[in-house]
Amino acid sequence: VNVRTVACSYGYTLQDLDAAAMANRPLPSWKAEAAARACEQRLDALLFAGDANAGLVGFNGLAGITDEALPTENWIAGAATPAQIMADVNDLINTGINAQVDQEEWEFDSILFPSLQFEHMNRTIVGVDNASNDTILKVLQKNNPSITFAKWNRLTTAGAGAATRAIAYKKSNLVVQGHIPREMTPLAPQLDGMEYVIYCYARIGGVENPYPLAIRWADGI
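Because the structure is a prediction, the values reported are computed rather than measured. (Residues numbered from 1 in each chain as written. Predicted model: local features only at pLDDT ≥ 70, side-chain atom pairs only at ≥ 80, totals over all residues. Heavy atoms only, no water.)

Q: I'd like a description of the environment of Val-126, backed by residues and values.
A: Tracing the backbone through its elements, the reader meets Val-126 in the loop between α4 (115–123) and α5 (136–143). Taking the C-alpha atoms as reference points, Val-126 and Ala-23, separated by 103 residues in sequence, lie 59 Å from one another. Those residues in contact with Val-126, other than ones at most four positions away along the chain, are Pro-82, Met-86, Asp-134, Thr-135, Ile-136 and Val-139. (Helix = DSSP H or I, 4+ residues; strand = E, 2+ residues; numbered from the N terminus. Contact = heavy atoms within 4.5 Å.)

Here you go:
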């Protein structure tokens, strides 16, 4: 895979150093924290969407993944019932597993949802006759204890035509691999005019999927 560099920097002016020395306290750490956060956000964006100009493939652009047509979809705007939503999720799980040659080896253990759809499942009670007041998400977790249900805000417009997208997959390096040969690494401070600048860099190689049948997504939920 191609490997590219992600860089960022932060700095402290000579006046910052004088002020810290005068107050007898260390330099504020928020600049380093902000730079680290910016770098992690960029790596997350590249691992998700890739970068065609840099020759990087993201998780959302992997080849050979089947888009599962669910029975209902359009959960919120279409006013789908809890039963219909649970049927959609179960269809995504079962159809994806049944499409594989070795069903046990690549059984899905993770499903990612757009934030709005995930929170809708997390807050919607299954029905008035539900004595335990279980939500859709709670029922799904009870019925599928080996699967982790989570949200990823980047899935809100990840599908075809900027539709919502859910992704079910086996969370294993044998199924999908995100390459980060070097995490964010700060270099020695360099004096640039009146400021000491700390340049940082990371290396990223994008994502690849040796076993595409162990991943499945559903657009338009």
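Q: Lay out the pairing of strand β13 (residues 215–219) in plain terms, naming residues and giving numbers.
A: Here β13 lies mainly inside the structure; 5 of its 5 residues are buried. The pairing of strand β4 (residues 66–67) with β13 spans 2 bridges and is parallel. Across the sheet, Asp-67 pairs through a bridge with Trp-217, a residue of β13. Note: strand β7 (residues 165–169) against β13, 5 bridges, orientation antiparallel. (Buried < 20%, exposed > 50% of the residue type's maximum accessible area, 1.4 Å probe, protein only. Pairing = 2+ DSSP bridges.)

Q: I'd like to hear about the environment of Asn-94, residue by residue, with values.
A: Checked against the element boundaries, Asn-94 lands in helix α3 (residues 82–98). For Asn-94, a relative accessible area of 42% translates into the label partly exposed. For the pair Asn-94 and Glu-107, spaced 13 residues apart in the sequence, the C-alpha separation amounts to 9.2 Å.

Q: Would you mind going over the nonpolar core in detail, with residue names and values included?
A: Grouped together as the largest cluster of nonpolar side chains are 24 residues, with contacts concentrated most on Trp-75, Val-89, Ile-111, Phe-113, Met-121 and Phe-149. Here this core gets 6 residues from one element, more than from any other, and that element is α3. Not counting the four nearest positions on each side in its chain, Val-89 is found in contact with Trp-75, Ile-111, Phe-113, Met-121, Leu-140 and Phe-149. Of all hydrophobic cores here, the second largest spans 17 residues; its members include Ile-65, Trp-106, Tyr-169 and Trp-217. (Core = buried A, V, L, I, M, F, W, Y, C linked by side-chain atoms within 4.5 Å.)

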